[in-house]
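# Overview (structure and organization)
Single-letter residue listing:
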Amino acid sequence: MLAVQTYEMTRDEIVALIEAKAARLHVDPKHIVTAHRHGELEDWADYADILALAELLENDDPLFTA
Amino acid sequence: MTRSSPRDWTSTLADIRRLNAECRAGGPNALVAFTDLTSRLFCLTVGHRHATVHLDRGERLGHGTVAGGHKGEELIRLTNDHYLRFIVSLYVEEQADVYLRAKLSVFQYQLDAAGKDWVFRYDYARDPEEKRHPAAHLHVNAEPRVRGVTTPRGFERVHFFTGRPTIESTIRLLIEQFGVPANSAAEVWRPALYENEVAFLDVAHRPLPGIIQ
């Protein structure tokens, strides 16, 4: 089988990863996630890694609500 | 990952059946089972011997993301030294007997690690707020050979409606249409993919192609 790894991350680790990915794409992670949730993101798959990581956070996480 | 003997494939096939059943059973072990199942499917078929997959989990119970590579990555290296961008966001319903569900998935074949030279991509998103476009669709990074085709945002941005994209059909496409070498013989991987895909589609969310629900 292919090598398999499991990463158990804290909230802060997830947020840091999201912010790092967003910085590489020059986008605001809060905007990406909220726009996606409101159906306003035209090409969500471009940001699928950010959106998938955001799913690991609670819906009312400060990253989205602050 | 190393090439294995036929006897090893027998073991892998048995593992695939077992792990598929664990995914169908749902519950807290389903996320790990899906990760292992993904690993074995690619091991049997188009996964490079140094390819990896990983599961990300946070503090939100029942949620996880399976992706290629290591933490923060998303690429599965293929046997032809190209890549599959592989992301599946998953969650488990609270009811114990409910199959593992995918929130979204992306399967993108690309020639380079950066993804500038991508070839095709299957996208799937489950929830209504994500259905600006039909839940399941295909993008192709190409230009039409005929003149007069109007696509407001470029041909590669056209959402070709599809049924539910599966890992198995994507692997089959890579092998049969793009010539990506398989690690096992066709007599091994064909029935394995078929069996696993049929079991998945039996319980999968299958949006009608082109319908925004």
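Here is a short report on the structure shown in this document. (Residues numbered from 1 in each chain as written. Chains lettered and ligands numbered in written order. Predicted model: local features only at pLDDT ≥ 70, side-chain atom pairs only at ≥ 80, totals over all residues.)

All names here are of chain B. One can describe the packing of helix H3 (residues 167-178) onto helix H4 (residues 186-203) by two numbers: an axis separation of 9 Å at closest approach and a directional angle of 150°. In this view, H3 runs roughly antiparallel relative to H4, as classed from their interaxial angle. The two elements H3 and H4 cross, and the hand of that crossing is left-handed. Facing Glu168, Ser169, Ile171 and Arg172 of H3, the residues of H4 in contact are Leu193, Asn196 and Glu197. Split by residue class, the contact of H3 with H4 holds 2 nonpolar, 2 polar and 3 charged. (Axes fitted to C-alpha atoms, helices over the stretch in contact; angles between N-to-C directions. Helix = DSSP H or I, 4+ residues; strand = E, 2+ residues; numbered from the N terminus. Parallel < 35°, antiparallel > 145°, perpendicular 65-115°, else oblique. Left-handed = near helix turned anticlockwise from the far one by under 90°. Contact = placed C-beta atoms within 7 Å. Nonpolar A, V, L, I, M, F, W, Y, C, P; charged D, E, K, R; others polar.)

Residue and element names in this part refer to chain B. Where strand E6 (residues 118-125) lies against strand E7 (residues 136-140), 5 bridges are found, and the strand directions are antiparallel. Bridge pairing in E7 links tyrosine 122 to leucine 138. As paired strands, E7 and strand E8 (residues 160-161) are joined by 2 bridges and run antiparallel to one another. Bridge pairing links histidine 137 to phenylalanine 161 in E8. (Pairing = 2+ DSSP bridges.)

Quick look at the interface of chain A and chain B now. Contacts between the two partners involve 29 residues from chain A and, on the opposite side, 36 residues from chain B. Those elements that provide at least two residues to the side of chain A that touches chain B are strand E1 (3-8), helix H1 (11-25), helix H2 (29-37) and helix H3 (48-54) of chain A. Examining the composition of the side of chain A that touches chain B, we find that 6 residues originate from one element, E1 of chain A, more than from any other. As paired strands, E1 of chain A and strand E1 (residues 52-57) of chain B are joined by 6 bridges and run parallel to one another. For threonine 6 of chain A, the partnering residue across the bridge sits in E1 of chain B and is leucine 55 of chain B.

Quick look at H2 of chain A now. All names here are of chain A. Burial in H2 covers these residues: Pro29, Ile32, Val33 and His36. One side of H2 holds all its buried residues, which, seen down the axis, span an arc of 90°. One or two steps after H2, the chain reaches glycine 39, where phi turns positive at roughly 70°. (Buried ≥ 20, exposed ≤ 12 C-beta atoms within 10 Å, placed from the backbone. Arc of directions from axis to C-beta.)

It is worth spelling out the pairing of strand E2 (residues 63-68) of chain B at this point. Residues and elements named next belong to chain B. E2 sits mainly inside the fold: 6 of its 6 residues count as buried. Residue alternation in E2 divides its side chains into two sets, His63, Thr65 and Ala67 and Gly64, Val66 and Gly68, and both sets are buried. Sheet analysis places E1 next to E2, joined by 5 bridges and oriented antiparallel. Residue pairing for E2: aspartate 56 is matched across the bridge by threonine 65. Between E1 and E2, which follow one another and run antiparallel, lie 5 residues, and glycine 62 among them has a positive phi close to 80°. Summarising the sheet, E2 and strand E4 (residues 83-91) pair through 5 bridges and their orientation is antiparallel. Following the sheet pairing, valine 66 is matched in E4 by valine 88.

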